[in-house]
Each structure stands twice: as structure tokens, then as C-alpha cells.
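# Residue-level structural notes
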Amino acid sequence: MRNSHSIIVSRRLKAQSPDDAFVEVTIYAPTDIDAGWECQYRIQASEYADVLRSAVGEDSVQSLLLALWQIELQLAYKEPFKSLKLEKFDKEGYGFIHSPKVWHSVYSGNDGGQP
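What comes next is a walk through the structure. (Residues numbered from 1 in each chain as written. Predicted model: local features only at pLDDT ≥ 70, side-chain atom pairs only at ≥ 80, totals over all residues. Heavy atoms only, no water.)

### Some words on the overall build of the protein
What counts is decided by this rule: Helix and strand assignments come from DSSP, with helices taken as H or I runs of at least 4 residues and strands as E runs of at least 2, each series counted from the N terminus. Throughout this description, buried means an accessible area under 20% of the type-specific maximum (1.4 Å probe, protein chains only), exposed means over 50%, and partly exposed covers the range between. Any two residues whose heavy atoms approach within 4.5 Å are treated as being in contact. A 1.4 Å probe and the Shrake-Rupley method give the accessible areas. Residues count as covered only by the protein chains that appear here.
Secondary structure summary: the protein contains two helices and five strands in total. Each helix and strand of the protein, placed in order from N terminus to C terminus, yields the pattern β-β-β-β-β-α-α. Taken across its 115 residues, the protein has 35% of its residues classed as buried. Here the analysis covers contacts within the protein between residues at least 6 apart in sequence; of these, 43% occur between residues at least 24 apart. Surface accessibility of the protein: about 7400 Å² in total, with carbon and sulfur atoms responsible for 49%.

### Re the environment of A15
Along the chain, A15 turns up in the loop between strand 1 (7-14) and strand 2 (22-28). Classification of A15 by relative accessible area gives buried; the value is 9%. The spacing of A15 and L84 is 69 residues in sequence and 5.5 Å in space, taken between C-alpha atoms. Those residues in contact with A15 that lie beyond four places of it in its chain are A21, F22, L84, K85 and L86.

### Details of the packing of aromatic side chains
Centre-to-centre distance and the angle between the planes together describe a pair of aromatic rings. Heads up, the condition is: Any Phe, Tyr or Trp ring, taking Trp's six-membered ring, that has another such ring centre within 6.5 Å forms a pair; planes under 30 degrees apart are called stacked, those over 60 apart edge-to-face, and the others tilted. Criterion for a charge above a ring: Arg CZ or Lys NZ at most 6 Å from the ring centre, at most 35 degrees from the ring normal.
Evaluated as defined, the whole model comprises zero aromatic pairs. One cation-aromatic arrangement involves R12 over F22; the distance from NZ or CZ to the ring centre is 3.8 Å.

### What to know about the nonpolar core
Note the cut-off: Only buried Ala, Val, Leu, Ile, Met, Phe, Trp, Tyr and Cys residues count toward a nonpolar core, and they belong to the same one when joined by side-chain atoms within 4.5 Å.
Counting 22 residues, the largest nonpolar core has V23, I43, L75, F81 and L86 as its most contacted members. When contributions to this core are tallied by element, the ones reaching two or more residues are strand 2, strand 4 (36-45), strand 5 (49-57) and helix 1 (60-77).

### Description of the pattern of salt bridges
Cut-off, in case you're wondering: We define a salt bridge as a contact between a side-chain nitrogen of Lys or Arg and a carboxyl oxygen of Asp or Glu at a distance within 4 Å.
This model, assessed by the stated rule, comprises two salt bridges. Across the pair R12 and E24 runs a salt bridge, and its minimum N-O distance is 2.9 Å. Residue R12 is found in strand 1, and its partner E24 is found in strand 2; the two are separated by 12 residues along the sequence. A relative accessible area of 15% places E24 in the buried class. Of the charged contacts in the structure, one is a salt bridge between R42 and D50, with a shortest N-O distance of 2.8 Å. By relative accessible area, R42 is classed as partly exposed at 21%.

### Quick look at the side chain of E24
What counts here: Contacts described as polar in this section are N or O atom pairs within 3.5 Å, which, within protein, must combine one atom able to donate a hydrogen with one able to accept it, while residues neighboring in sequence count only if both atoms come from side chains.
Of the polar contacts made by the side chain of E24, one reaches the side chain of R12; its length is 2.9 Å. The contact partners of E24, leaving out residues within four places of it in the chain, are S10, R11, R12, R42, I43 and Q44.

### What about helix 1?
For clarity, the cut-off: What a helix is expected to span follows from its residue count: subtract one and scale by 1.5 Å.
For helix 1, with 18 residues, the first-to-last C-alpha span of 26 Å sits near the 26 Å given by 1.5 Å per residue. Every buried residue of helix 1 is listed here: S63, L66, A67, L68, I71, E72, Q74 and L75. Between a side-chain oxygen at the N-terminus of helix 1 and the backbone nitrogen of V61 the separation is 3.3 Å; the capping residue is D59.

### What about the environment of E58?
Its place among the elements puts E58 in the loop between strand 5 and helix 1. Residue E58 is classed as exposed on the basis of its relative accessible area of 68%. Once the C-alpha coordinates of E58 and A35 are considered, the two residues, 23 residues apart in sequence, prove to be 8.1 Å apart.

Have a look at this one:
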């Protein structure tokens, strides 16, 4: 899969290691495809990995949110990212979508306002 889309955001995370390892996450602008909207993202980990994936949603916002969720899960649970022990932005994650409360609001349509 080759990406020619515009980059909308990127983040570099440092690994807690003596060899200055890092993980660079790049998210590309969602594009309209036959099956909905696709948001591609790349996770590069120094010399360890270069992963290009995508998330598909009903619209561009949903595809972006799904990509953010998938990125958080890959960093937390998939090798080699899990073993790199990346510095976290907060206690719960790497600065992407990780809160079950936020994720629930995406599907329920309840943003914390009145039901």
C-alpha cells in the first residue's frame, strides 16, 4: 500500500531505551472510497518496523477516530511497539484515543450533554 495523501498530523514518541529509539506516527487525510471513508496511517519505529494501515468509517470523522483508536491499540499491545516502552503523554495512553468514555460517546452520540 503506497500513500499519496496529505499528512494531517504526526507525532514522535520516544522509547525508554538507551539507543534513542523512537516511534513516528503519521495520519493522512481521510479519502472518500466506495465503501465509505478511509483514513490511512503509518507507524514507524526506528529500524524496528514500518507499518502502513487504514481505518474505514461511514464518514471522514469516523474513519479518523477509528484510525486514532487503532493506533493507540497497536502502540499498547502489538510488537515491536509494546516492547519499546514508549513514553506516555499521560497515565493512560500515548495521546491518541484511549478513554472508554470517549469511545462510548463516539458510538452512542452522547457527548456528555443531556441524554
